[in-house]
Structure formats: structure tokens, C-alpha cells
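Examination of the molecular architecture
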Amino acid sequence: MEAMPRVAVVGVVGRTNAGKSTLVNALVGEKISIVSPVEQTTRNTIRGIVADPRGQLVLLDTPGLHKAVGGLGRLLNRMARCSAAGTDITCVVFDAAEAPQLEDIGWMQRVAKERPEKVVFVLNKADRTPFYEKMFREAWEEAKGSAPEPVWTKSVATAPGGATAVLDAFFGLAEEGERLFDDDIVTDYPRKLAIADSIREKFLSRLHQELPHEIGVLVKDVRDEGSRWCVSAEVLVNRASQKPIVIGRKAETVKYVRKCAERELSDIFDVKVSLELWVRVEPNWMKNDRLLAEMGYLGGLV
Ligand SMILES: Nc1nc2c(ncn2[C@@H]2O[C@H](COP(=O)(O)OP(=O)(O)OP(=O)(O)O)[C@@H](O)[C@H]2O)c(=O)[nH]1
Ligand SMILES: [Mg+2]
């Protein structure tokens, strides 16, 4: 008789920029979640599904915690808190290319206090020197109290095969059970939100630190014309003065974003994609619940 598959829901948490999304992408093997060097890139909790001969893992990629106050910042914190609950395994990702920071210690203290049964600590960015493994282990010694020892692993989330040890750790902790999803579904992240994330990522990479969190992308319509999807999306900015920055000189920025996002979306969805982008000034969109809901930031939490 065939062995039962091992199945687990894994909440991937950790401070912003630790490499959570990169790790989830590496494990799932397809680009499902956007990655960028800008902090707080991930806004929605994304489910990535790993199908493996050993079984199935459902990975929840969460936004990094942020100290920001008010509207969106508070929301993000709430989401991160929500998505760490109700999982079988908690995976804390640390950027070990930097010495432990306050948030890292915070995650350790939370793990020690809440004592979730199964915890994996990932020391990510193991390709970098210096690598602060010793300091992270010492920080844990200090934080752990009487909590049980987590499974420690290292990873290079950016390198092919660089996260195998993490996968092994998950399957080592997963219990036998029924698969939760069909194996051919890589993610059930809604299509419109995935498209919006891709577009937003291109703006972030083009504009760097200029207004990264002031941009919201709203996918209004995806028209399936058989061999082609026609996507129309709005790019929301806070103030009129930001509009020319987002559009760029001779519309260069918008053109660049459109081209890159079209290419990436065609790859992801395996269909030609043409994109229409409209830049709209919407003061305080970050505090507008209706818009936030339309962007998927409210409700639908896992
Ligand atoms: N050198 C190196 N860089 C990495 C590694 N993993 C991730 N990175 C880089 O670290 C940066 C942040 O990665 P993300 O995956 O977006 O980080 P995150 O934890 O999801 O961040 P938030 O979504 O903001 O919470 C990106 O520039 C990645 O390319 C790694 O193993 N080695
Ligand atoms: Mg992320």
C-alpha cells in the first residue's frame, strides 16, 4: 500500500526583506509572489503549494511587520498576525547577512512565548559574508526560556537548490494526511491580484525608493480574447505632484512598466497579455477601505 502523503500548512514569517517571498518562490518553483529589495513588498498573504513525492505543503507568504502607524501600516501588521495563526508549522526567516535586529528578537520571543509546536528557523542569505549564525543562536538562547528547540536550517533562497534543507525540514515535521489542494494548482491567489502585484513590482524596481508605498495598483478588467488577455489597470497615487513621476518623461516609466509586466505576465499565465495603464490621483487611497478591499487587502485573509 502507498504511504499517506505528508501535508502541512506553513506560515512563513519574519522581518521585512529577510527573503520570505524569495524562499517561497524557490520552494514552489514558480514565481508566485513578488520580490524586491524595497521593504514591505508583500502586501497580501499568498498561498503557494509545493507538490512533492513526499506530500504537499501549503506555504503562506506574509508581509513583513512594519512599524508604520495608521491605515495601510496597521492593516499589514494585522494581516501578518492573522496569517501566523492556524498553521501546522511556523517558519521564521532571518536575514543572517545582518546581525539580529529588534524584529528578529521579537519573532524569537513570540515563538518562545506562544510555543507553537513545530517551528523552523531559517538562516537565509547563507551566500553572504559575514554570516551571523552564531549571533542568531545566541539570541535564541537568550529568548527561548523553556521553549523547545526549533529546527535550524540555512538557505540561499536566490540559488537553485539553495533551499532544499528547508523543504526537508518541513517534510520532516509534516504529518500524514489528505492533500488539501489539487497538485496542479500552484497558487489560488486571485488572478487580478497577481497581475496587480506584477505591475506594482515593476514600478518599484523602476522608481526605487521614490514613493514605493504611495503607489497602489487596481486591476479593473481582464478581458479574455482567446489568444490574448487585455488587462486594464489603474495606478493610484496620493497627490497630483506624484503623477508625472509615475508616468515619467515622455511616458518612459509607464512604457517600461507595461513592457516588463506584459512579458512577465505572458510567461506566468502562458497567454499573450496586453496591458493598459491609467494613472489616477486618489488622495488617501491607503485609507480608503473600499479601494483597499478591491486591491485584496481587506477580507479574504487566510
Ligand atoms: N544574497 C541573497 N539575497 C537574498 C536571498 N534571499 C533573498 N534575497 C534578497 O533579499 C531581498 C528581499 O527579498 P524578499 O523575498 O522580497 O523579502 P521579504 O522577506 O519577502 O520582504 P517583505 O515582503 O518586504 O516582508 C531581495 O532583494 C532578494 O533578492 C539569499 O539567500 N541571498
Ligand atoms: Mg515578501
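Reading the values: rules and limits
Residues numbered from 1 in each chain as written. Chains lettered and ligands numbered in written order. Predicted model: local features only at pLDDT ≥ 70, side-chain atom pairs only at ≥ 80, totals over all residues. Heavy atoms only, no water. Phe/Tyr/Trp six-rings, centres within 6.5 Å; stacked < 30°, edge-to-face > 60°. Helix = DSSP H or I, 4+ residues; strand = E, 2+ residues; numbered from the N terminus. Buried < 20%, exposed > 50% of the residue type's maximum accessible area, 1.4 Å probe, protein only. Lys NZ or Arg CZ within 6 Å of the ring centre and 35° of its normal. Contact = heavy atoms within 4.5 Å.

So, the packing of aromatic side chains
Across all of its chains, the model carries five aromatic pairs by this definition. Between W229 and F269, the ring centres sit 4.9 Å apart and the planes meet at 45°, which makes this aromatic pair tilted. Taken together, the residues span a long stretch of sequence, with W229 in strand β9 (residues 228-237) and F269 in helix α8 (residues 252-269) at a distance of 40 residues. F269 gets classed as partly exposed once you look at its relative accessible area, which sits at 25%. Aromatic rings pair up to connect F94, F121, F136, W140 and W152 into one cluster. In this structure, R137 is placed above the aromatic ring of W152, and the distance from its NZ or CZ to the ring centre is 4.5 Å. The aromatic ring of Y256 is capped on one face by R206, whose charged end is 4.6 Å from the ring centroid.

As for the side chain of K125
Relative to the assigned elements, K125 resides in the loop between β5 (119-124) and α4 (133-143). When residues no more than four places from it in sequence are discounted, the contact partners of K125 are N17, A18, D95, A97, F131 and S155.

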